[in-house]
Amino acid sequence: MFTELQEANFLVPTSYYVILSAVLFTIGVAGVLIRRNAILIFMSIELMLNAANLAFVAFARAFQDLSGQVFVFFVMTVAASEVAVGLALIVAIFRSRKSIDIDELHSMEG
Amino acid sequence: MLTESVPLMQAVVPVLPEMGLLLLLILVLMHGVFSPKESRRTVCVITGVGFFTLMVIHLSVGFNFVGDPDFSGSGLGDIVRVDAFAVMFRAMILLAAALTCLMSGESRAINRRVEFYVALIVAALGMCLMVAANDLILVYVALETASVSLYIMAGFQRDSKLSSEAGLKYYLFGAVTSAILLYGLSLIFGFTGETNFSRLGPALSALTANGSEGVFALVVALLLVLVGLGFKVAVVPFHFWTPDVYEGSPTPSVAFISTASKAASFGLLVRFFSIVWPAEMIPYWAGLLAALAAITMTLGNMLALVQKNIKRMLGYSSIAQAGYALIGVVALSDTELGAAAVAFYMAMYVLTNLAAFAVISAVEWNTGSVQIADYAGLSRRSFPLAIVMVVAMLSLGGVPPAAGFFGKFFLFSAAVDAGYTWLAIIGVVNAIIALFYYLTVIKVMFVGKAEDESRYTIRPRLAVVLWVTGVGILLMGTLASPWWRWAVEASQQLTVMLP
């Protein structure tokens, strides 16, 4: 589709994508550590997963290898099922406590 | 005809238990939908017998095929590799699942609720794939299949505050650590462009040959991967979920999480560290794991000493046990006996913890209590229960004639062989400290006096679990050599199976 020159102009180096994914991943980790609302923690976890997805896709392009892309499809499927279970657990918690603040989860200690 | 049947067997045998589990899953789902409510009480027996049958088929087929030079063991397009090591761990997982089913049938929280058994089957399916995984994609997918089902099992008692809290805590820790693991896998893929284990090893070696930069990048990936696997086996500092999940979740769920999940994760850990990481990385991961093992054993045992709730105590005890088993993974850096020691230790640990949780289930059925103080006078209220508990506690503590003695012996001798004598000494000191809280339970059962010393009833299905585990522990402890030889052969195949 592109000539070699055009391709060289359009091509963003892989390292840019990897740096972006590292930044997204760090934001996700920070969100998990700082936020106290279970739903917001879920969103931060999603951010971490998608940071990994971005890295996979970028590497897959760099290697011209499809297995990285396949990995991303599996990760998205897994993430969806994981969120379904997580939200169910949050609903169960909310019914018994009327709160989803994870700092209030301390019925067991020692 | 004969020439055609060979490729078919080659394709089917590596995933035989998984196919069986899928059939069992459909059967149980149908049973739950179509059969009337009264007959649903049989679901635990159906699932349990299903698991047990699968284990027997798996073992007999496994013995026939694995080790045969014509049988490559690779399945599903080489994302699964079945060797004797995988066969051994799959058998442990299926046995643990079968016994958990029988325990669930005698648990008031679960009893005939079909959803629990569905989650159990899916979890077992994920674990069976985990121990035979030969590809990064399958590692992640299998790990998550097992984990997501375990979250459901942990939070199964929706109306109980403790259970839903345990489920959410397990979920939050699990989801975060698996996302970190995934990022580590993405880096490994990024360095090599490979996801298959057999091609990853050489590709990573080539990377480390480039000098310190390659090694540094791999150390980062190693740390990220270790977070995810460390969570699964409950290694300090990723152990925070353990005590709460053990205390809050229904007892059969805990029994399964503490045995099958730990065994499967150690199976994956051993395979990952023996096949994927190149020799240049050994000093890094072996040193790191040795430090983690020492800290994990010590912290787990110290915190277990002060517990009043027996499930919580076993939670901290399971952290300590993960620390011991980690010694075997460290020893793997120098001798394949390390892998054999881990396999033997996990087999004994699965039986022992199931025995302990079966006793806890039986006492819970009668009194509803899980406090150690309420075990007072157990020897007079039900002598068989007390005897099985004694066997389990001695086995966890590493006292002969229970299996735990040989388990620890093989681990520590593998560590000495590999040149980690200091780690073996820390292990022995820890085993002595741990005896204190294990023996406390025995003391309470035999010396303690309860106001009401009426007899306990032992439910028939629990009796089966108690018999199987109790006899199994003593058999492994007195006749250890056939099991040990099997484990050694399995660990030799772990490295031989490389292309």
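Model, not experiment: these values are computed from the prediction.

Caption draft 1: Fine view of the overall build of chain B. Scanning chain B from N- to C-terminus turns up 20 helices and 2 strands. Its C-alpha atoms give chain B principal-axis dimensions of roughly 70 × 55 × 40 Å. Out of the 499 residues belonging to chain B, those deemed buried represent 66%. Excluding contacts between residues fewer than 6 apart, the proportion of contacts in chain B whose partners are at least 24 apart in sequence is 82%. Total accessible area computed for chain B in this model is approximately 16800 Å², and 70% of it derives from carbon and sulfur atoms. One way to put it: in chain B the 27 positive side-chain charges average out to a point 13 Å from where the 27 negative ones average out.

Caption draft 2: Structural view of the overall build of chain A. When helices and strands are counted, chain A shows 4 helices and 0 strands. Of the regular secondary structure in chain A, the N- to C-terminal order runs α-α-α-α. Its C-alpha atoms give chain A a radius of gyration of 19 Å, more than 25% over the compact-globule value 13 Å for 110 residues. A principal-axis box enclosing the C-alpha atoms of chain A has dimensions of 65 × 25 × 25 Å. Within chain A, the fraction of its 110 residues that count as buried is 35%. Long-range contacts, defined as pairs at least 24 residues apart, comprise 56% of the intrachain contacts of chain A with a sequence gap of at least 6. Accessible surface computed for chain A: about 6400 Å², of which carbon and sulfur atoms make up 68%.

Caption draft 3: View of a nonpolar patch on the surface. Residue and element names in this part refer to chain B. Taken together, the side chains of Val464, Trp467, Val468, Val471, Leu475, Leu479 and Trp483 present a nonpolar region at the surface, about 660 Å² in accessible area. For the nonpolar patch, the element with the most residues is helix α19 (residues 460–478), which contributes 5 residues. Residue placement: Leu475 occurs in helix α19.

Caption draft 4: Quick look at the packing of helix α10 (residues 241–248) of chain B against helix α11 (residues 251–276) of chain B. All names here are of chain B. Two elements in contact, α10 and α11, have axes whose closest approach is 8 Å; the angle formed by their N-to-C orientations is 145°. Contacts from Trp241, Val245 and Tyr246 of α10 reach α11 at Val254, Ile257 and Ser258. Taken together, the residues of the contact of α10 with α11 break down into 5 nonpolar, 1 polar and no charged.

Caption draft 5: Quick look at helix α13 (residues 310–331) of chain B. Residue and element names in this part refer to chain B. Across its 22 residues, α13 extends 32 Å between first and last C-alpha, which sits within 8% of the 32 Å expected from 1.5 Å per residue. Among the 22 residues in α13, 22 count as buried, and that is most of the element. Looking at where α13 begins, the residue whose side-chain oxygen comes 2.8 Å from the main-chain nitrogen of Lys311 is Asn309.

Caption draft 6: Just the packing of aromatic side chains, in detail. Applying the stated criterion across every chain, the model contains 33 aromatic pairs over all chains. The interplanar angle of 75° and the centroid separation of 5.2 Å between the aromatic rings of Phe116 of chain B and Phe156 of chain B together place this pair among those described as edge-to-face. Of the two residues, Phe116 of chain B is situated in helix α5 (residues 114–132) and Phe156 of chain B in the loop between α6 (136–154) and α7 (161–192); the sequence distance between them amounts to 40 residues. Phe116 of chain B gets classed as buried once you look at its relative accessible area, which sits at 0%. Through a chain of ring-to-ring contacts, three or more aromatic side chains come together here, namely Phe42 of chain A together with Tyr151, Tyr170, Tyr171, Phe231 and Trp241 of chain B. The side chain of Arg108 of chain B reaches across the aromatic face of Trp365 of chain B, ending 4.0 Å from its centre.

Caption draft 7: The layout of surface pockets, seen in detail. Space inside the largest pocket adds up to approximately 680 Å³. Around the largest pocket sit 27 residues that line it, and Ile102 of chain A together with Lys169, Leu172, Phe173 and Phe240 of chain B are the ones nearest its centre. Those elements giving two or more residues to the lining of the largest pocket turn out to be α2 (14–34) and α3 (38–63) of chain A together with α7, α10 and α13 of chain B. Grouping the amino acids of the lining of the largest pocket by side-chain chemistry returns 19 nonpolar, 4 polar and 4 charged.

Caption draft 8: Summary view of unusual backbone geometry. Residue and element names in this part refer to chain B. With an omega of 5°, the peptide bond running from Val236 to Pro237 counts as cis. Relative to the helices and strands, Pro237 resides in the loop between α9 (212–233) and α10. Along the chain, Pro400 connects to Pro401 via a cis peptide bond; the corresponding omega equals 10°. In this structure, Pro401 sits in the loop between α16 (383–397) and α17 (403–417).

Caption draft 9: The arrangement of the interface of chain B and chain A in detail. If you look at the interface, chain B gives 42 residues, while chain A gives 43 residues. Interface area, chain B with chain A, both sides summed: about 3600 Å², of which 77% is carbon and sulfur. Here Glu165 of chain B makes a salt bridge to Arg97 of chain A, at a shortest N to O gap of 2.6 Å. One can count 7 residue pairs in polar contact (both at pLDDT 80 or more) joining chain B with chain A. When residues of the side of chain B that touches chain A are traced back to their parent elements, those giving at least two are α6, α7, α10 and α13 of chain B.

Caption draft 10: Seen up close, empty space enclosed by the protein. Residue and element names in this part refer to chain B. Applying the stated criterion across every chain yields a total of 4 cavities of 30 Å³ or more. Approximately 50 Å³ is the volume found for the second largest cavity. If you trace the second largest cavity, you find it lined by Leu226, Leu229, Gly230, Val233, Val235, Phe238, Leu269, Leu289, Leu292 and Leu326. Taken together, the residues of the lining of the second largest cavity break down into 9 nonpolar, 1 polar and no charged.

Caption draft 11: Representation of the side chain of Gln321 of chain B in the model. Residue and element names in this part refer to chain B. Among the secondary structure elements, Gln321 is positioned in helix α13. Residue classification places Gln321 among the buried residues on the basis of a relative accessible area of 1%. In this structure Gln321 touches Tyr345, Met348, Tyr349, Leu396, Lys408 and Tyr438, once residues within four positions along its chain are discounted.

Caption draft 12: Summary view of the pattern of salt bridges. Residues and elements named next belong to chain A. Enumeration over the complete set of coordinates arrives at 13 salt bridges over all chains. Close ionic contact of Asp103 with Arg36 constitutes a salt bridge, the shortest N to O distance being 3.1 Å. Here Asp103, found in the segment after α4 (67–97), pairs with Arg36, found in the loop between α2 and α3; they are 67 residues apart in sequence, far enough to count as distant. Residue classification places Asp103 among the partly exposed residues on the basis of a relative accessible area of 46%.

Caption draft 13: Just the side chain of Asn53 of chain A, in detail. Secondary-structure assignment places Asn53 of chain A in helix α3. Residue contacts for Asn53 of chain A: discarding those within four places in its chain leaves Val72, Val75 and Met76 of chain A.

Caption draft 14: Focus on a positive patch on the surface. On the surface, Arg95 and Lys98 of chain A together with Arg113 and Arg158 of chain B cluster together into a patch of positive charge. For Lys98 of chain A, the position within the fold is in the segment after α4.

Rules used throughout
Residues numbered from 1 in each chain as written. Chains lettered and ligands numbered in written order. Predicted model: local features only at pLDDT ≥ 70, side-chain atom pairs only at ≥ 80, totals over all residues. Heavy atoms only, no water. Helix = DSSP H or I, 4+ residues; strand = E, 2+ residues; numbered from the N terminus. Buried < 20%, exposed > 50% of the residue type's maximum accessible area, 1.4 Å probe, protein only. Contact = heavy atoms within 4.5 Å. Areas by Shrake-Rupley, 256 points an atom, 1.4 Å probe, with all protein chains shown as cover. Lys, Arg positive; Asp, Glu negative; His and termini not counted. Charge placed at Lys NZ, Arg CZ, Asp CG, Glu CD. Rg over C-alpha atoms; globule rule 2.2 N^0.38 Å. Patch = residues over 30% accessible without salt bridge, like charges linked within 9 Å, V, L, I, M, F, W, Y side chains within 5 Å. Salt bridge = Lys/Arg side-chain N within 4 Å of Asp/Glu carboxyl O. Axes fitted to C-alpha atoms, helices over the stretch in contact; angles between N-to-C directions. Nonpolar A, V, L, I, M, F, W, Y, C, P; charged D, E, K, R; others polar. Expected span 1.5 Å × (residues − 1). Polar contact = N/O pair within 3.5 Å; in protein donor to acceptor, adjacent residues only side chain to side chain. Phe/Tyr/Trp six-rings, centres within 6.5 Å; stacked < 30°, edge-to-face > 60°. Lys NZ or Arg CZ within 6 Å of the ring centre and 35° of its normal. 1 Å grid on protein atoms, 1.4 Å probe; cavity = no way out; pocket = protein on both sides within 12 Å on 5 of 7 lines; lining within 4 Å. Points joined across faces, edges and corners; volume = space filled by probe spheres on them. Buried area = accessible area lost by both parts, 1.4 Å probe.

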